Amino acid sequence: MLRQGLAAVKSRACLPCRRWLASAASEKHGHLPSSQSPITSKLKFFKSVTEDGGQIPTYRVLDGVGKVIDGAEVPEIDQAFARKIYENMVLLPTLDTLLYNVQRQGKISFYMTAYGEEATIIGSAAALANDDEVLGQYREAGVLLWRGFGLDNIMAQCVGNEEDTSGKGRQMPVHFGSPKHHFLTISSPLATQIPQAAGVAYAISRSPRRGKNCAAVYFGEGAASEGDFHAGMLFASTIPSPTLFIARNNGFAISTPANEQYHGDGIAARGPGYGVWTVRVDGNDVLAVLGAVREARKRCIEEGRGVLVEAMTYRVGHHSTSDDSFAYRSRSEVEDKKRIDNPITRFRLFMESRGWWSSDEEEVLRARLKKDVLEAFKRAEGLPRNELKELFTDVYGGEEPWNIKEQREELAGLLKKYGDSWEPWKNELARFKRKGQDILQKTD
Ligand SMILES: Cc1ncc(C[n+]2csc(CCOP(=O)(O)OP(=O)(O)O)c2C)c(N)n1
Ligand SMILES: [Mg+2]
């Protein structure tokens, strides 16, 4: 019936209408006017993005003891590059141990370690170009180390001395930033960096850097529960911008375990919802991270659109120096995770199997890094803080606003009253360049 009716109309219709009628006649169940979705007569619900309804697989190159698994291809890497990766992976916990301990001694106010996440952080840093813009969450100091930021700059920021170029000593430790190293300054409110990254990537796409660079944004699986994650993904997919989303799924958002952060298949399951290329990778396998992020970056830049990488890892350390994780997980769980699939051991064993590393070199490296880290801290500790007046500068451009002036004058008043006589104030003041005189003498 339909076919006969259509044939009659067709003979009188214009060309585009005739084409439409021809396709309608050939379709079994019709089609939707504004979608390519095929029509089906089966009522079928789904809650997985995989064809078999299972979980998204995890890409891995090395097994737990550093052997290449069957069928895996080792990403292009030579001895020098592998050694650079390994040295940075070992540097990270060496630095963390010192800074964690000095925080415990009261010498710095706060710290966050990256124990267990060395492969995710260094492997991804190694896959990026050093001038790709990086927007970190707070556990990615390793990206800066990879790019040659240097221990003196790390220490200066954590101690807050006059050499701190990240924020002149006005920020909490680990809030690093360096335009020279294409690393945007860390900010504490979770996930704000994600839509910002889509914006940075959009700016790249409107500049001569289009097709050369991307903006890489790091965030935890906890931060991915924020609306900002979705805003960033939507931006980067609909207003195309080369944004590389790197989710560090380390199992916890402070005390909240990952399985309470989502009901679906982790963060990776969300990528296809935004129509972006997505991959899940073993975040404790540095070669897998290197290979996956290299490919992700390539797609991101070639297509000029968001790409999502979910790195599965485990936060071995406490969330921060303000946390005691044994209040919500057992010591034995942590000890097991340290042993099984340890990212540093796995890569070391791989390097040794290639004849690229030896136990003698290991000993020399560990001793050297420990010495470097300790010396850098001692040096930083001995340097004065910036002038006290810097507390009130750089927040607004132009003239000093009335409220900042009021606060500065209030501090000057307190310094006059207590600065010379009260021991704690006297000691604090002594640590600033010009010992607070810049505030006391300022008259306007
Ligand atoms: C908007 C906002 N809410 C809450 C916090 C407090 N907070 C700081 S870190 C954190 C957990 C983040 O977990 P995750 O994103 O998984 O990163 P991880 O610490 O595991 O690396 C929370 C809740 C914050 N900084 N900002
Ligand atoms: Mg987490």
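Residues numbered from 1 in each chain as written. Chains lettered and ligands numbered in written order. Predicted model: local features only at pLDDT ≥ 70, side-chain atom pairs only at ≥ 80, totals over all residues.

Structural notes on the overall build of the protein
Alright, step 1. A count of helices and strands for the protein gives 15 helices and 10 strands.
Alright, step 2. In terms of overall dimensions, the protein has a C-alpha envelope of 105 × 60 × 45 Å along the principal axes.
Alright, step 3. The buried share among the 444 residues of the protein stands at 40%.
Alright, step 4. In the protein, the share of contacts with a sequence separation of at least 24, taken over all contacts with a separation of at least 6, comes to 73%. (Helix = DSSP H or I, 4+ residues; strand = E, 2+ residues; numbered from the N terminus. Buried ≥ 20, exposed ≤ 12 C-beta atoms within 10 Å, placed from the backbone. Contact = placed C-beta atoms within 7 Å.)

Some words on the environment of L415
Alright, step 1. Inspection of the secondary structure puts L415 in helix α13 (residues 402–418).
Alright, step 2. The exposure class of L415 is partly exposed, given the 18 C-beta atoms found within 10 Å.
Alright, step 3. Sequence spacing of L415 and D228 is 187 residues, and the spatial spacing of their C-alpha atoms is 42 Å.
Alright, step 4. Residues in contact with L415, not counting those within four places in the same chain, are G436, I439 and L440.

Regarding the domain arrangement of the protein
Alright, step 1. Taken domain by domain, the protein consists of domain 1 (79–382) and domain 2 (387–441).
Alright, step 2. Relative placement of domain 1 and domain 2: their C-alpha centres are 36 Å apart. (Domains from an automatic or database assignment.)

Focus on the nonpolar core
Alright, step 1. One finds I122, V217 and V309 to be the most contacted residues of the largest nonpolar core, which totals 97 residues.
Alright, step 2. Sequence-distant contacts of I122, that is, excluding residues within four places in its chain, are made with I85, N88, M89, L92, G142, W146 and V286.
Alright, step 3. By size, the runner-up hydrophobic cluster in this structure holds 5 residues, among which are L388, A412, L429 and F432. (Core = buried A, V, L, I, M, F, W, Y, C linked by C-beta atoms within 7 Å.)

A word on the UniProt feature "domain: Dehydrogenase E1 component" (unreviewed entry) in the protein
Alright, step 1. UniProt's entry tags residues 87–385 with the feature "domain: Dehydrogenase E1 component" (unreviewed entry), counted in the numbering of this structure.
Alright, step 2. Each end of residues 87–385 is marked by a C-alpha atom, and these two atoms are 31 Å apart; helix forms 43% of the span and strand 12%. (UniProt positions renumbered as here; feature names shortened; annotations may be inferred.)

Digging into the site of ligand 1
Alright, step 1. Within the structure, ligand 1 sits among 16 residues, and L190, G220, G222, A223 and A253 are positioned closest to it.
Alright, step 2. Mapped by element, the contributors of at least two residues to the shell around ligand 1 are β3 (215–220) and β5 (252–253).
Alright, step 3. Partitioned by chemical class, the residues of the shell around ligand 1 number 7 nonpolar, 5 polar and 4 charged. (Near = placed C-beta within 6 Å. Nonpolar A, V, L, I, M, F, W, Y, C, P; charged D, E, K, R; others polar.)

Let's talk about the sheet that holds strand β2 (residues 183–184)
For sheets, the rule is that strands pair by backbone hydrogen bonds, running either parallel or antiparallel.
Alright, step 1. Reading across the sheet, the 6 strands line up as β2-β1-β3-β4-β8-β7 and stay open at both edges, with parallel pairing between neighbours. Pairing within the sheet leaves two strands with one partner each, and these edge strands are β2 and β7 (277–282). (Pairing = 2+ DSSP bridges.)

Section: helix α11 (residues 343–353)
Side chains that are three or four residues apart share a direction in an α-helix, a result of its 3.6 residues per turn.
Alright, step 1. Among all positions in α11, only P343, R346, F347, F350 and M351 are buried. Looking down the long axis of α11, one finds its buried residues gathered within 135° of arc, a one-sided arrangement.
Alright, step 2. Looking at the buried residues of α11, the elements they touch are α3 (79–104), α4 (118–127) and α9 (286–303).
Alright, step 3. Backbone geometry just after α11 places G355 at a positive phi near 75°. (Arc of directions from axis to C-beta.)

A short note on α3
Alright, step 1. Under the 1.5 Å per step criterion, the end-to-end length of α3 is 38 Å for 26 residues, consistent within 8% with the ideal 38 Å.
Alright, step 2. Where α3 ends, the next residue or the one after it, G106, has phi of about 85°, a positive value. (Expected span 1.5 Å × (residues − 1).)

Here's the deal with the confidence of the model for the protein
Alright, step 1. On average, residues of the protein score 94 in pLDDT, and 93% of them reach the 70 mark or higher.
Alright, step 2. Least confident of the elements in the protein is helix α1 (residues 2–12), whose mean pLDDT is 51; most confident is strand β4 (residues 243–249), at 99. (pLDDT = per-residue confidence, 0-100.)

Description of the packing of α3 against α11
Alright, step 1. It is at 10 Å that the axes of α3 and α11 come closest, and there the two elements cross at 150°. Regarding the angle of α3 to α11, the classification is roughly antiparallel. The interaxial crossing formed by α3 with α11 has left-handed handedness. Note on element contacts: α11 touches α3 through P343, I344, F347, R348 and M351, opposite A82, Y86, M89 and V90.
Alright, step 2. Here the residues of the contact of α3 with α11 sort into 8 nonpolar, no polar and 1 charged. (Axes fitted to C-alpha atoms, helices over the stretch in contact; angles between N-to-C directions. Parallel < 35°, antiparallel > 145°, perpendicular 65-115°, else oblique. Left-handed = near helix turned anticlockwise from the far one by under 90°.)

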